[in-house]
Amino acid sequence: MTLDPDKQILAVLPAPSAPSMDGMGTYLSNWIFEIPENQRGYSWTKDQWQDLWHDIMDISPNKKHYIATSIVIGTPFQMNSATPPPVRGVLSLIDGQQRMTTILLLLKALLQHVELVDSRNHLVTRINSLLMYQGAFTGRQRSILVNKNPDFHECFESIVLTGTFAAPQSRAQNNMLE
């Protein structure tokens, strides 16, 4: 695999020191995650979703919990910066794309539920800020997860932005919609 010279540092996102939405929220709020084209399509099904859900439900303030590690590639500046970038930076998501996709789909489902109950709830704004950002040049809402495979990206971004995707054409798209 040939790496972009600007992306020479391989970094592992550390788990937060204590289970917290703020730990994950910090990553989701400050970065756009790009899945390289050579990564497989979305393949998780009910078994993996349930495993992840059980892991999430096991998190408690009184015990440490390990969900998994995500491996990303970024520039030396991105990896060594103690402060978040003024605009979202881009990290290549090398490992953990199935889990990241599932967590974002879960956040979208949670967002839809909260909006049904109370669209003015502060969680609506917070979850939206984790799922989407406003493009600097176009002003359009965009998903924080970008897949270099256009079929995957079109389906995923449609789900995040609108809550649905009209015509799944592949097993990966069907898996995202289940």
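Report on the accompanying structure. (Residues numbered from 1 in each chain as written. Predicted model: local features only at pLDDT ≥ 70, side-chain atom pairs only at ≥ 80, totals over all residues. Heavy atoms only, no water.)

1. Thoughts on a nonpolar patch on the surface
Consideration 1: A surface patch of nonpolar side chains, amounting to about 300 Å² of accessible area, comprises Trp53, Met57 and Leu106.
Consideration 2: Along the chain, Trp53 turns up in helix α2 (residues 46-58). (Patch = residues over 30% accessible without salt bridge, like charges linked within 9 Å, V, L, I, M, F, W, Y side chains within 5 Å. Areas by Shrake-Rupley, 256 points an atom, 1.4 Å probe, with all protein chains shown as cover. Salt bridge = Lys/Arg side-chain N within 4 Å of Asp/Glu carboxyl O. Helix = DSSP H or I, 4+ residues; strand = E, 2+ residues; numbered from the N terminus.)

2. Let's talk about the packing of α2 against helix α4 (residues 97-117)
Consideration 1: Here α2 crosses α4 at 70 degrees, and the two axes come no closer than 11 Å. As the angle between them shows, α2 and α4 are arranged roughly perpendicular. For the pair α2 and α4, the contacting residues are Trp49, Leu52, Trp53 and Ile56 in the first and Arg99, Thr102, Ile103 and Leu106 in the second.
Consideration 2: Residues belonging to the contact of α2 with α4 are distributed by class as follows: six nonpolar, one polar and one charged. (Axes fitted to C-alpha atoms, helices over the stretch in contact; angles between N-to-C directions. Parallel < 35°, antiparallel > 145°, perpendicular 65-115°, else oblique. Contact = heavy atoms within 4.5 Å. Nonpolar A, V, L, I, M, F, W, Y, C, P; charged D, E, K, R; others polar.)

3. Digging into the pairing of strand β2 (residues 31-35)
One face of the sheet, then the other: side chains in a regular strand alternate in exactly this way.
Consideration 1: Within β2, five of the five residues are buried, which leaves the element mostly enclosed by the surrounding structure.
Consideration 2: The alternating pattern of β2 places Trp31, Phe33 and Ile35 and Ile32 and Glu34 on opposite faces, both of which are buried.
Consideration 3: Across three bridges, β2 lies against strand β7 (residues 145-147) in parallel orientation. Residue Ile35 lies in a different strand from β7, and its bridge partner there is Asn147. (Buried < 20%, exposed > 50% of the residue type's maximum accessible area, 1.4 Å probe, protein only. Pairing = 2+ DSSP bridges.)

4. Some words on the nonpolar core
Note on soluble globular proteins: their nonpolar side chains tend to be buried together.
Consideration 1: Core analysis: the largest hydrophobic core is formed by 34 residues, its most contacted members being Phe33 and Leu104.
Consideration 2: If you list the elements that add at least two residues to this core, you get α1 (21-30), β2, β4 (89-95), α4, α5 (122-131), β5 (132-134), α6 (150-162) and α7 (171-177).
Consideration 3: The biggest single contributor to this core is α4, with seven residues.
Consideration 4: If we skip the residues at most four places from it in the chain, Leu104 touches Leu28, Leu130, Leu131, Ile144, Leu145 and Phe156. (Core = buried A, V, L, I, M, F, W, Y, C linked by side-chain atoms within 4.5 Å.)

5. Thoughts on the packing of α4 against α6
Consideration 1: In the contact formed by α4 and α6, the axes pass within 9 Å of each other and the chain directions differ by 30 degrees. Classified by the interaxial angle, the pair formed by α4 and α6 is roughly parallel. Residues Thr101, Leu104, Leu105 and Lys108 of α4 lie in contact with α6, whose contacting residues are Phe152, Phe156, Ile159, Val160 and Leu161.
Consideration 2: Residues that form the contact of α4 with α6 fall into these classes: seven nonpolar, one polar and one charged.

6. Things to note about the side chain of Thr101
Consideration 1: Tracing the backbone shows Thr101 in helix α4.
Consideration 2: What makes Thr101 buried here is its relative accessible area of 0%.
Consideration 3: Polar side-chain contacts of Thr101 include one of 2.7 Å to the backbone oxygen of Gln97.
Consideration 4: What Thr101 contacts, discounting residues up to four positions off in sequence, is Ile35, Tyr42, Leu145, Phe152 and Phe156. (Polar contact = N/O pair within 3.5 Å; in protein donor to acceptor, adjacent residues only side chain to side chain.)

7. Describing α6
Consideration 1: Over its 13 residues, α6 extends 17 Å from the first C-alpha to the last, a length consistent with the 18 Å expected when each residue adds 1.5 Å.
Consideration 2: Of the residues making up α6, those classed as buried are Phe152, His153, Cys155, Phe156, Glu157, Ser158, Ile159 and Val160.
Consideration 3: At the exit of α6 stands Gly163, carrying a positive phi of roughly 90 degrees. (Expected span 1.5 Å × (residues − 1).)

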